[in-house]
Every structure is written in C-alpha cells, then in structure tokens.
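# Examination of the molecular architecture
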Amino acid sequence: MTIRFRTGFLRAAARLSLTAALVVPSAAPAADAIRVIDPWARATVPGQKVGGVYMEIISPRDARLTGVASPVAGAAEVHSMTIDGGTMRMRAVKALDLPAGRPVKLAPGGYHVMLFDLKKPLVTGEKVLLTLLIEEAGKRTRKIAVTAIVRSGDQ
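Quick caveat: nothing in here was measured; it's all calculated off a predicted structure.

## Remarks on the pairing of strand E9 (residues 127–136)
Judged from the six bridges that link them, strand E3 (residues 63–69) and E9 form a sheet pairing that is antiparallel. Bridge pairing links Ala-69 to Thr-131 in E9. As judged from the ten bridges shared by E9 and strand E10 (residues 140–151), these two strands associate in the antiparallel manner. Bridging across to E10, Ile-134 finds its partner in Arg-142. As consecutive antiparallel partners, E9 and E10 are separated by three residues, and within that stretch Ala-137 has a phi angle of approximately 55 degrees, a positive value.

So this is what it looks like as structure tokens:
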C-alpha cells in the first residue's frame, strides 16, 4: 500500500509539473518575435466612415508590413501622410519597411493604418482587432494579431 501511494503521488506530481510547464507562458518575449507596442485607434464620431490606428513595430529581422485587416472595417490600408505645399496628402503604401531592431512608428502625421467603411463608430475605451501581414525574408508572410485601444484625440 505504501508503494502504491508513493507511485501514484509521484505520477500525479509529475503530471501537474508538466501541465504547469505547458500552460504557464514565458515572462520574456521570444527573441525572434515581432513586437507591436502601444497600438491605439482614434475615436470617431457617429456617421464617420474612416478611422486611424497607430502603433510602434519592432522586428528582430528585416521585414515589411505588407497589409492589414480588421473586422470593424470594410477595408484597411497602410498610409503615409505628408504636407506638400500646405496641402495634406495621404497615400496608400504597398509596403512599409521594418529594418531589423529599429522601431517604426505609425503615428498621427506620418505612417498609419486607415480603416475604411467602418461598421460602427470607434468609441473611447473599446478595442479594435487588427491582423498585420508581415513579410519576412522576402517570401514568408506572418499574420500578427493586434488589439488596439480606442482613445480620444492624439494621445
């Protein structure tokens, strides 16, 4: 009886340890992970059909942001914004370079994600789900899930 108890106890302890090792995520981010820092979307007013999303992206290797999608919009694109002769110009970009180890900011007044045909207003405090398409090594495309918090103004 004592042997059976010890064997059963040791098996249960081993199972529990293995389960904990598989379930508890690592506290440190993986060295090869693309990091998306402080993603946020600007709040919109009722009836507004476009919105903007901003963030900082750091890739450990040279990569390119080649696309974006969101269930809150009919379409989403990466855009650049420039001032040309006093006129603001926004243009879709085919891809945004992400140089290895260098932060790339998507911010008001520069590169950003444009959301078109919004399905509902973006309300302060709500979350906006996005999928970033990132091309690595010239061929492989990774999908990165991002949750942006809706804020008012240029916060």
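## Here's the deal with the nonpolar core
Formed by 28 residues in total, the largest nonpolar core has its most connected members in Leu-65, Leu-115, Val-128, Leu-130 and Leu-132. Contacts of Val-128, omitting those with residues within four sequence positions, involve Ala-41, Ser-70, Val-72, Leu-115, Leu-122, Val-146, Thr-147, Ala-148 and Val-150.

## Focus: the confidence of the model for the protein
Mean pLDDT over the protein stands at 84; residues scoring 70 or higher make up 79%. Counted against residues more than four places away or in other chains, residues 13–28, with its pLDDT under 50, gives zero contacts.

## Here we look at the pairing of E3
Relative to strand E6 (residues 96–98), E3 is paired through three bridges, and the arrangement is antiparallel. Within the sheet, the bridge partner assigned to Leu-65 lies in E6 and is Leu-96.

Definitions and limits used
- Residues numbered from 1 in each chain as written.
- Predicted model: local features only at pLDDT ≥ 70, side-chain atom pairs only at ≥ 80, totals over all residues.
- Heavy atoms only, no water.
- Pairing = 2+ DSSP bridges.
- Helix = DSSP H or I, 4+ residues; strand = E, 2+ residues; numbered from the N terminus.
- Core = buried A, V, L, I, M, F, W, Y, C linked by side-chain atoms within 4.5 Å.
- Buried < 20%, exposed > 50% of the residue type's maximum accessible area, 1.4 Å probe, protein only.
- Contact = heavy atoms within 4.5 Å.
- pLDDT = per-residue confidence, 0-100.

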